[in-house]
Amino acid sequence: MSPTLIFLLVMSLFAVNNGNPNIEIKIGVILDMDSNVGKMSKTCISMAIRDFYRKHDNYTTIIHPYYRDSKQDNVQAASAALDLMKNIQVTAIIGPMTSSQADFVIDLGNKEKVPVISPAASPSLSPYNNHYFIRSAHNSTLQLKPITELIKHFSWSEVVFMYEDGEYGRGLVPYLSDAMMNIGTKVTYQTVIYPSASDDWILAELYKLKTMQTRVFVVHALPDLALRLFKKVNEAGMMDEGYVWFITEGLTNQLHDHKEDLMQGVIGVKSFIRNSGKLFDFKKRWKREFRSLYPDDDETQLDTSAIRLYDTIFGLAMALEKTLKEKGDSAMDSEGTRALKGGSMLLQSIRNFRFDGLSGDFNICHGQLQSSAYEIVNIIGTGEKTIGFWSPKNGISKMLDNETKGIKPVMWPGDSHVIPKGWEIPDSNKNMLRVGVRIGGFDQFIDADIDPETHQVTMTGFCVDVFKAVVDALPYALKFEFVRFVSFDDKRPAGTFDDLVFNLSIGGYDAVVGDITILAYRSDRVAFTLPYTEAGVSLVVPIKDERKSAWIFLKPLEKELWITFGAFFIYTGLVVWVIEHRVNKEFRGAPHKQVGMLLYNSFSTLVYSHRARLISNLSRFVMIVWVFVVLVLTSSYTASLTSMLTVQKLRPTYTDINEIKRNGESIGYQDGSFVKGMLIRMGFNDTQLKGYSTFEQYHDALKNGSQNGGVSAIMEELPYIRVFVAKYCNMYKMTGPVHKTAGFGFAFPKGSPLVHDVSKAILQVTEKQMMNITNHWFKENANCDQQQKGTQMKIEGFGLDSFKGVFLIAGLSSTSALLIFVFRFLYQNREMLVSQDHSVSQKLLGIAKSFDVYRDEESKTSIPEATGVHVESNNNNNSPAISVFHQEAGVFSQDEGFSSTHPGSPVVLDTIQVVQTTTN
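Only a predicted model underlies this, so the values are computations on that prediction, with no experimental measurement involved. (Residues numbered from 1 in each chain as written. Predicted model: local features only at pLDDT ≥ 70, side-chain atom pairs only at ≥ 80, totals over all residues. Heavy atoms only, no water.)

A. Quick look at the packing of helix 17 (residues 559-580) against helix 26 (residues 804-828). Packing of helix 17 against helix 26 leaves a shortest axis separation of 10 Å and a crossing angle of 25°. Considering the angle they form, helix 17 stands roughly parallel to helix 26. Viewed along their axes, helix 17 and helix 26 form a crossing whose handedness is left-handed. The segment helix 17 lies against helix 26, with Leu561, Thr564, Phe565, Phe568, Tyr571, Thr572, Val575, Val578 and Ile579 engaging Phe807, Ala810, Gly811, Ser814, Thr815, Ala817, Leu818 and Phe821. Broken down by class, the residue content of the contact of helix 17 with helix 26 amounts to 12 nonpolar, five polar and no charged. (Axes fitted to C-alpha atoms, helices over the stretch in contact; angles between N-to-C directions. Helix = DSSP H or I, 4+ residues; strand = E, 2+ residues; numbered from the N terminus. Parallel < 35°, antiparallel > 145°, perpendicular 65-115°, else oblique. Left-handed = near helix turned anticlockwise from the far one by under 90°. Contact = heavy atoms within 4.5 Å. Nonpolar A, V, L, I, M, F, W, Y, C, P; charged D, E, K, R; others polar.)

Printed below as a string of C-alpha cells:
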C-alpha cells in the first residue's frame, strides 16, 4: 500500500471524533516541487500532520494542506498564493522557502489578511513591518555575529563580500558593512553576481579580485549559483594557500546535496540543533518516507530548515486548536463549512507560541523565531567538520556548553594549517613589496652602499634596521625590495619628503621607509604606522663657557639674596650706631663721619676686619650674631664660586627663536624637510633660511655664524638633534620650546592592511630591540653625550630660601636689642613725655637733644652731697638757659642715663658745667 493511501486512511479515521466530524482547516503550501528542498519540505509537512494528530486524537481541528508548485519563479509563487487565498480561501500559507518568492506572497498576505509562515531569512522582510508575516527561521543578520567574531578572532582587517543579486543577497549588504565596521574591519569590495551571469563573466570578476590585496571573502548566495562560483574559484587558483572563504547558512545547509569537492578549507555557519533520541528516530523514518515517495532521487540528508518546518506544523496545529477553543462559534465560517473564519483570528496565536520540538526550544515571538546557537563547520572534501560554536551568551567557543574561547584547528584552502594573514601582495607585483627610500640626508639614519663592481645597492642606517626588525616581527613572511627615490643621474634625491609621499599615494611604491615625519597633511594622502622615534622640533645653537664672564663673581648668590644681604648690613650697622652713639666716641662726630662709621663697622665683617670698640653689651650681642650670619654666607659663597670656576658651565647663545628673527639673522634647516615651511609660518624670510644636508655642514654653518655667511641656529627634529649635539661635544645645545610632531613612521597607501600589523610589530621592536639598534648606530655619540652631561653639571646660585633661617635669627636679634634700648631710653625720659608744660614738638626736640648727649662710660665720677656744689638760680628760675640746663643735667645719670627723680638725690655728672647768668 502506498504512503499516500495510508495518509488518506489516517485522515479519514481522524474525521470522526465522538461521532462528530473534525473541523477542517485549509492551509496552503507553496514549494518548488521539483527541487530537493521542495521534496524534503513536502515530506516533512506530511509526516508532521500525521504525527501530530496521532498524538492529539482528541483535537477538534485538523489541517488539510493544499500544495502549489512555485516552479522556482517569483510570479508563479505569487499566482499560486492568490489562487489559494481567493479560490481555496485558506486560513494560512506555509512557504515559499526563498526570500525573493516570499516577498510577493507576503504583500498579498497583508492585503488579504492571511498569515504567511515562511523561512525567508532576508532582513528586508521584517515581521515587524509585515503583520501577517511569521518567520520560522532566524533573521539572516544573526549569522553575521559568528562570521564577524571569527574575522575578529584572526585579526583580519579587510574582507570582500560576494552576494547573489536578488532579495536574498541584497538584503544582507548594509548589515554586513555595519557588522564589519563594528569590529574595525573594512569591506574593501563588493561583488554582485547575477544568477544569469555566464561562467566567463564570473571568471573575469575573480581575476579582478585576484589582483587586489584582500584574501578574505564572504559568499552569500544560494546553492545553484554558489556551486558555479566555486568551480571558477578553483579554476582561477583562488582556493590555494593564503585564501580565506566564508559561506553563509543558506549554502552551508545544502552542501550535503552536492558531492563535488569544490570547497576544501571553506568555513561555514549554520544553526545548531542538538542531537536527541527523538530527532534520531525521526531522521530514520524520514529517510524511509522520502525513499518511498521519491525512489528515483539520490539519497539526501535532512537539513535544519526541514526540521524547523516540521516544528512549524506542530505549532500551527496547536495555534488552530487554541483559537477555536477561545473564539468558539464566532470563529466558524458562517456558510456552514465548519472551517475557520479567515486568518486574522489565528494571527495572535501563531505570532507568539513556544514549545519543545525536534529542533529544541522552538520559540516564535512577535512573528520571529528567536535566536539560538550556531555551529561553525570546516568543509573538508565532500564532508564537514565541526570546529566550534557561537552562542549569544559565550560567543565563539570550542564546545557549546563551556566557555573555552576560540575554535579547533582549521584546514585552510590549499590543505594548509597555517593561519592566512588575510592579504597578499597582488600577483602583478610578483609578491614583492616595493619600498621607496629617499637618499641624500643624514647617513646615520638611511644611506645606500653601492658595490662598484656589481652596482648592487645595499641600504643601511638606523631606519633600515628598524624596518627589517619590524618585518621579522610580523607573524608572516613579507618579501620586499628597496627602491631609491633619486634623480635620473642617480646623484641626488628626486624631490623632497613630500614628493616621496606623493609618489606613494599615486602607486609609485607599496611603502615608504626612512626618516619620514608623520604630519597631518601627509596623512590625507597615505596611511602611517605608529611612530618609532621621539617626536618634536627644536632649536640648536652654539654654547659658550660662562667661566669667562666678567661678572661670574655675582653668580654664587641670586639677586634676591644679594639685596637681602645688603639690607641687613645697613640695618645691623644702624642698630649698632643707635646703641653706641651716646656712649662711644667712635660713633660720634660730624654726620658724614657717623654714616661712614655705620657702614664700615657693618661691612667690615665680610673680611673680619672690624676694629671698632663696642661699649654696650646690646651692640656686642648684635655684632656676635651678625658675624655668625656673615660666616655662614661667606662660606657658602666661597664654595659655590669655587665650583663655578672649577666645573665647566656652558650657556646657549640664544634661547628664543624670536630674538633671531628680530635681529634678522639666518637660521638653518635640513634640505627637503617640512621644517622650512614651519619657519616661514613663524615669520622668517626666505633670505634668512639656509638648507643643509649633513651634520658637517651644520657644524660649519654654526661655527661661522650669521655674520660670516653661516647661521645663528639650526631648526631640526629631535632625533637629528640628539645625534648632532652628541657628535660635537660641548659645542652646541638644544634650546627653546619643543614644537610637537608625531615622530618618524613608515608610510603605506591608504587602506593597506599592512598598517595595523606593522604598527603592532613596531611596538614589539620598541620594547625588545630598539635599544640595541640605537646603540649600534649611535653608541659613540651616546658616549660623547654622557661626557657632555658630566662636564655640564648644572650649578645654580644660592637663593634666599636657603638662608631664611639665619636672616630670621639676625633680624630678631637686632630688633630685640633695638627695642630694649628704646624702651629704656624712653623710661628714663618719662617725665618729659608726660609733662603738660611743653608741646609735642618741644618734647621731641628735647628727646633728640637728650639722645645726642655724649656719656663717657669710662670716666664716670660720683659727686658727693657734702661738697655743697650747687647751681644757683639767683631767683631766675624762669630763665630759658637754666631751663635747658636742668633738662640736660636732670635727664642723664650714670649707666647710660639712668636718673633718680626723688628730691635730694645726688646727681652724678661726667662733666659739671656751671652756667652763670646775669640780670639786667
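B. Quick look at the confidence of the model for the protein chain. When the pLDDT values of the protein chain are averaged, the result is 80; 83% of them are 70 or greater. In the model, residues 12-20 has pLDDT below 50 throughout and makes 14 contacts with residues more than four positions away in sequence or in other chains. Scored below 50 in pLDDT, residues 858-920 shows 69 contacts in the model against residues more than four places distant or in partner chains. (pLDDT = per-residue confidence, 0-100.)

C. Geometry of the nonpolar core. One finds Phe445, Phe462, Tyr532 and Phe746 to be the most contacted residues of the largest nonpolar core, which totals 54 residues. Counting only elements with at least two residues in this core, the list comes to strand 19 (433-437), helix 14 (462-473), helix 22 (695-704), helix 23 (718-727), helix 24 (754-768) and helix 25 (770-791). It is helix 14 that provides the largest number of residues to this core, a total of eight residues. Non-local contacts of phenylalanine 445, meaning those with residues more than four positions away in its chain, are made with Thr460, Gly461, Phe462, Cys463, Val464, Asp515, Phe695, Pro719, Tyr720, Val723, Phe744 and Phe778. Counting 50 residues, the second-largest nonpolar core is a separate cluster that includes Ile117, Phe314, Ala317 and Leu324. (Core = buried A, V, L, I, M, F, W, Y, C linked by side-chain atoms within 4.5 Å. Buried < 20%, exposed > 50% of the residue type's maximum accessible area, 1.4 Å probe, protein only.)

D. Examining a nonpolar patch on the surface more closely. On the surface, Leu819, Val822, Phe823, Leu826, Leu833 and Val834 cluster together into a nonpolar patch covering about 520 Å² of accessible area. Breaking the nonpolar patch down by element, the ones donating at least two residues are helix 26 and helix 27 (830-834). The element contributing the most residues to the nonpolar patch is helix 26, with four residues. Relative to the assigned elements, leucine 819 resides in helix 26. (Patch = residues over 30% accessible without salt bridge, like charges linked within 9 Å, V, L, I, M, F, W, Y side chains within 5 Å. Areas by Shrake-Rupley, 256 points an atom, 1.4 Å probe, with all protein chains shown as cover. Salt bridge = Lys/Arg side-chain N within 4 Å of Asp/Glu carboxyl O.)

E. Structural detail: helix 15 (residues 497-505). Of the residues making up helix 15, those classed as buried are Phe497, Leu500, Val501 and Leu504. Down the axis, helix 15 shows its buried residues gathered within 100° of arc, on one side only. Elements in contact with the buried residues of helix 15: strand 19, strand 23 (511-512), helix 16 (520-523), strand 24 (526-528), strand 27 (667-670) and strand 31 (747-749). A positive backbone phi angle near 95° is found at glycine 507, which sits one or two residues after helix 15. (Arc of directions from axis to C-beta.)

F. Up close: the sheet that holds strand 12 (residues 267-271). Across the sheet, which stays open at both edges, the eight strands sit in the order 9-8-10-11-12-16-17-18 with mixed pairing between neighbours. Two strands in the sheet have a free side with no partner beyond their single neighbour: strand 9 (186-193) and strand 18 (395-397). Across the sheet, the axes of successive neighbouring strands diverge by a mean angle of 25°, strand direction being ignored. Looking at chain direction, strand 10 (residues 216-220) and strand 11 (residues 244-247) are connected through four bridges and run parallel. Note on strand 11: the bridge partner recorded for valine 216 is valine 244. Each of strand 8 (158-164), strand 9, strand 10 and strand 11 is contacted by helix 9 (residues 223-235), which is oriented at about 175° to strand 11, the strand it contacts most. (Pairing = 2+ DSSP bridges.)

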